[in-house]
Amino acid sequence: MLELEGPASRTTTRVLKRWFDVIGATAILVLASPIFLATALAIKLHDNGPVFYRQKRATYGGRVF
């Protein structure tokens, strides 16, 4: 017979990993935001259209959303 046990993760380790994930994601977002802003500005100035693509969709019954 083979018996498998779950990982022996302690609460402290999980909390530290969660904080590392949140702080790391926030730092990457802050560092990448000038690139996002420059890209959005370039799109707006070049095409003079919306930065985010929007499209109307229809369901099988023809209702638009």
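Since this is a predicted model, take the numbers as computed values, not measurements.

**Regarding the overall build of the chain**
- Broken down by element type, the chain carries one helix and zero strands.
- Relative to the 2.2 N^0.38 estimate, which gives 11 Å for 65 residues, the radius of gyration of the chain is 23 Å and therefore markedly larger than a compact globule would have.
- For the chain, the C-alpha atoms occupy an extent of roughly 60 × 40 × 20 Å along the three principal directions.
- Counting all 65 residues of the chain, 3% fall into the buried class.
- For the chain, the accessible surface area stands at approximately 6900 Å², while carbon and sulfur atoms represent 66% of it.
- Side-chain charges in the chain split into 9 positive and 4 negative, and the spacing between the mean points of these groups amounts to 18 Å.

**Observations regarding a nonpolar patch on the surface**
- On the surface, V15, W19 and I23 cluster together to form a nonpolar patch covering roughly 330 Å² of accessible area.
- Within the fold, V15 resides in helix α1 (residues 11–47).
- Judged by relative accessible area, which is 41%, V15 ranks as partly exposed.

**Observations concerning the pattern of salt bridges**
- Taken as a whole and assessed by the stated rule, the structure comprises one salt bridge.
- Of the charged contacts in the structure, one is a salt bridge between K17 and D21, with a shortest N-O distance of 2.7 Å. With K17 and D21 both in helix α1 and four residues apart, the pair spans about one turn of that helix.
- Residue classification places D21 among the partly exposed positions, given a relative accessible area of 36%.

**Concerning α1**
- Taking 1.5 Å of rise per residue, the 37 residues of α1 would be expected to cover 54 Å, and the 51 Å separating its terminal C-alpha atoms lies within 8% of that figure.
- Where α1 bends most, at A32, the angle is about 40°, and the proline P34 comes one to four residues later.

**Describing unusual backbone geometry**
- For N48, which is not glycine, the phi torsion reads 60° and is therefore positive.
- With respect to the helices, strands and loops of the structure, N48 is situated in the segment after α1.
- On the accessibility criterion, N48 (64% relative accessible area) is exposed.

The rules behind the values
Counting restarts for each chain, with residues numbered from 1 along the sequence as it is written. Local features in this predicted model are restricted to residues of pLDDT 70 or higher, and side-chain atom pairs are both shown and tallied only at a pLDDT of 80 or more, whereas totals for entire chains, interfaces and linings draw on every residue. Only hydrogens and water are set aside; all other atoms, that is, all heavy atoms of the structure, feed into the side-chain values. Each helix is a run of H or I in the DSSP string that is no shorter than four residues. Each strand is a run of E no shorter than two, and both are numbered from the N terminus. The atom set for the radius of gyration is the C-alpha atoms, and the globule formula is 2.2 Å times the number of residues raised to the power 0.38. A 1.4 Å probe rolled over the protein chains alone gives each residue an accessible area, and that area as a share of the maximum for its type sets the label: buried under 20%, exposed over 50%, partly exposed in between. Methods summary: accessible areas were calculated by the Shrake-Rupley approach with a probe of 1.4 Å, and residue burial reflects only the protein chains presented. When charges are counted, Lys and Arg are positive and Asp and Glu negative, with His and the chain ends excluded. Charged side chains are reduced to one point each, which is NZ for Lys, CZ for Arg, CG for Asp and CD for Glu. To count toward a patch, a residue needs a relative accessible area above 30% and no salt bridge. Like charges then connect within 9 Å, nonpolar side chains (Val, Leu, Ile, Met, Phe, Trp, Tyr) within 5 Å. The term salt bridge refers to a side-chain nitrogen of Lys or Arg lying within 4 Å of a carboxyl oxygen of Asp or Glu. Expected span of a helix, by definition, is 1.5 Å for each gap between consecutive residues, and there is one gap fewer than residues. Two axes are fitted around each residue, one to the seven residues ending there and one to the seven starting there, and the angle between them is reported as the bend at that residue.

Note that all results are geometric; they support no functional claim without further evidence.
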